[in-house]
Amino acid sequence: MKDPLNELVDFLKIPSVSANPDNKEDVGRAARWLEERLRAAGFSVEVTPTAGHPIVYAEKYAGADRPTVLIYGHYDVQPPEPLELWDTPPFEPTIKDGKIYARGASDDKGQVFAHVAAVSQLSENLPLNVKFVIEGEEEVGSPNLVPFVEANRERLATDAVLISDSPMFAPGLPTLTYGLRGLTYMEVRLRGLDRDVHSGAYGGAVPNAAHAAAWMISKLKDEMGWVRIPGFYDDVEPISPEEREMWRRLPFDPREYAAEIGAGDTSGEPGYSILERRWARPTFDVNGIGSGYQGEGSKTVIAAEAFFKFSMRLVPNQDPDRIADLTEAYLRQILPTGYQMEVIRYHGGQPVLVPTDSPPMQAAAAALEKAWGRETVFTREGGSIPIVHDFMRVLGAPVVLMGFGLESDNLHAPNEKLDLINFEKGIEASKNFMRLLPEYLKGEK
Ligand code: BES
Ligand code: ZN
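S.K.: Pulling in residues and values, what's your account of the pattern of salt bridges?
M.R.: Counted under the stated rule, the structure contains 28 salt bridges. The closest approach of N and O atoms between arginine 191 and glutamate 305, which form a salt bridge, is 3.2 Å. Highlighted residues: arginine 191 in strand β10 (residues 182-191) and glutamate 305 in strand β14 (residues 305-314), separated in sequence by 114 residues. A residue is classified by how much of its surface remains accessible, and glutamate 305, at 45% relative accessible area, is partly exposed. Arginine 345 is paired through a salt bridge with aspartate 325; the nearest N and O atoms lie 2.8 Å apart. With arginine 345 in strand β15 (residues 340-349) and aspartate 325 in helix α10 (residues 320-334), this residue pair connects regions lying 20 residues apart in the sequence. For arginine 345, a relative accessible area of 38% translates into the label partly exposed. Look at aspartate 325 and you get partly exposed, because its relative accessible area is 44%. Salt bridges here are not isolated pairs; linked through shared partners, they connect Glu187, Arg189, Lys309 and Glu342.

S.K.: Got a sec to walk through the sheet that holds β10? Specific residues and values, please.
M.R.: If you trace the 4 strands from one edge of the open sheet to the other, you get β12-β14-β10-β15, paired in antiparallel fashion. Two strands in the sheet have a free side with no partner beyond their single neighbour: β12 (283-291) and β15. Shown here is a sheet whose adjacent strand axes are inclined to one another by a mean of 15°, direction ignored. Both β10 and β15 contribute to a ladder of 8 bridges, which runs antiparallel. Among the inter-strand pairings, arginine 191 is bridged to a residue of β15, identified as glutamine 340. Contacts between helix α6 (residues 209-220) and the sheet are confined to β10, β12, β14 and β15, with β14 contributing the most and set at about 15° to the helix. Sitting on the sheet, α10 touches β10, β14 and β15, and the angle it makes with β15 is about 165°.

S.K.: Quick one: what's the story with the site of ligand 1, residue by residue and with numbers?
M.R.: Neighbouring residues of ligand 1: 15 residues in total, closest Asp107, Glu138, Asp165, Arg313 and His412. One of the side-chain nitrogen or oxygen atoms of glutamate 139 is found 3.2 Å away from an oxygen atom of ligand 1. Coverage of ligand 1 by the protein chains reaches 91% of its 520 Å² of free accessible surface. Among the residues making up the shell around ligand 1, the classes are represented as 4 nonpolar, 5 polar and 6 charged.

The rules behind the values
Residues numbered from 1 in each chain as written. Chains lettered and ligands numbered in written order. Predicted model: local features only at pLDDT ≥ 70, side-chain atom pairs only at ≥ 80, totals over all residues. Heavy atoms only, no water. Salt bridge = Lys/Arg side-chain N within 4 Å of Asp/Glu carboxyl O. Helix = DSSP H or I, 4+ residues; strand = E, 2+ residues; numbered from the N terminus. Buried < 20%, exposed > 50% of the residue type's maximum accessible area, 1.4 Å probe, protein only. Pairing = 2+ DSSP bridges. Axes fitted to C-alpha atoms, helices over the stretch in contact; angles between N-to-C directions. Contact = heavy atoms within 4.5 Å. Near = heavy atom within 4 Å. Polar contact = N/O pair within 3.5 Å; in protein donor to acceptor, adjacent residues only side chain to side chain. Areas by Shrake-Rupley, 256 points an atom, 1.4 Å probe, with all protein chains shown as cover. Nonpolar A, V, L, I, M, F, W, Y, C, P; charged D, E, K, R; others polar.

Structure, rendered in structure tokens:
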């Protein structure tokens, strides 16, 4: 067998970009690559086609009396563009200074493959039954996974769900994440004219869709960071004093956090720390905006159309559908006269909070501690993994979010990377977890 790092290099070479129809073949190839690796590790594997990209399901039994863990991850990746900002090509994995650079290195091929490597190494000494669900559509909102989980409730039955698709709080600091934000993603398209017109002949006398978009955006979130959609905050759970205290003790410097991404300063709702804003407060962000002339030089024109795409990260107790309804109603209210508006709803996802005292969480904390030689910290995260809520709802099993990435891995951006030490420790932690989970479930620990 090749060593795990060489195998990961092969996996990372496949441009499995789920959002781009031109990469459909490649996405399928990544699924088959996993199928082959899991077969080699003694698993029975089934690749289920969907209306989008296939779902890889695999299982290997250690014995009817043994507990079961279900490991979830995704083999699809975000688009690599803008290509010119990569120091080395996104699908030519490059090892440099103890890190592997490639699209998907951290999100999520490197992290999910750590578990595949772990089960290969445990080989015939698997201490428990292992099931894998590895999907190819996480980066596009997992449209086909919920029906798959619902239709396979019995086959997926498990004592714990293990997911590595999140960051550690800091390098060398083993981390378990117990909360993720939810998401509502929408787009507004505005039309003020039936064609673009000369800005001298018409300017000042006709609607300008670019301005309308800007007015509307300014009414959605104010300069202090408060979201102005009526009812938006109604269901938000306040942060408990215990959590605030626990987060205050984490090693975090807001200035370093800003400087690391070249930000002049941090921003957000007054009265909340940066970690509170990211982990326990909802927010609104424009993700894309367009109208008018985008080419070289100048062009005196009033564009007929404008659009903006935006997402709202949601926190426990907020419901993505209700938030979409409130947003749409408010958009209709603030729409200036003289414009036609189309509101599009893309994917959403429920926020989640998982108990930290479940036996699988405690086993995971011990597994990480053993790998890293440091006490595990418990954090929430600002990102979303929509299927977590459905795993809890449909399978009723505790979910463990054991990330091996880092915030600074350049997820969804150029020069994505994974630290090799995190990959190695991830494999070790995975093996530790599989050995420890049975004892913790029996209550022996
Ligand atoms: N790995 C991320 C989720 C993540 C990011 C968790 C940062 C914790 C911290 C995942 O692959 C992702 O990007 N999810 C999307 C979900 C969306 C497309 C429905 C996200 O959060 O934008
Ligand atoms: Zn992602």
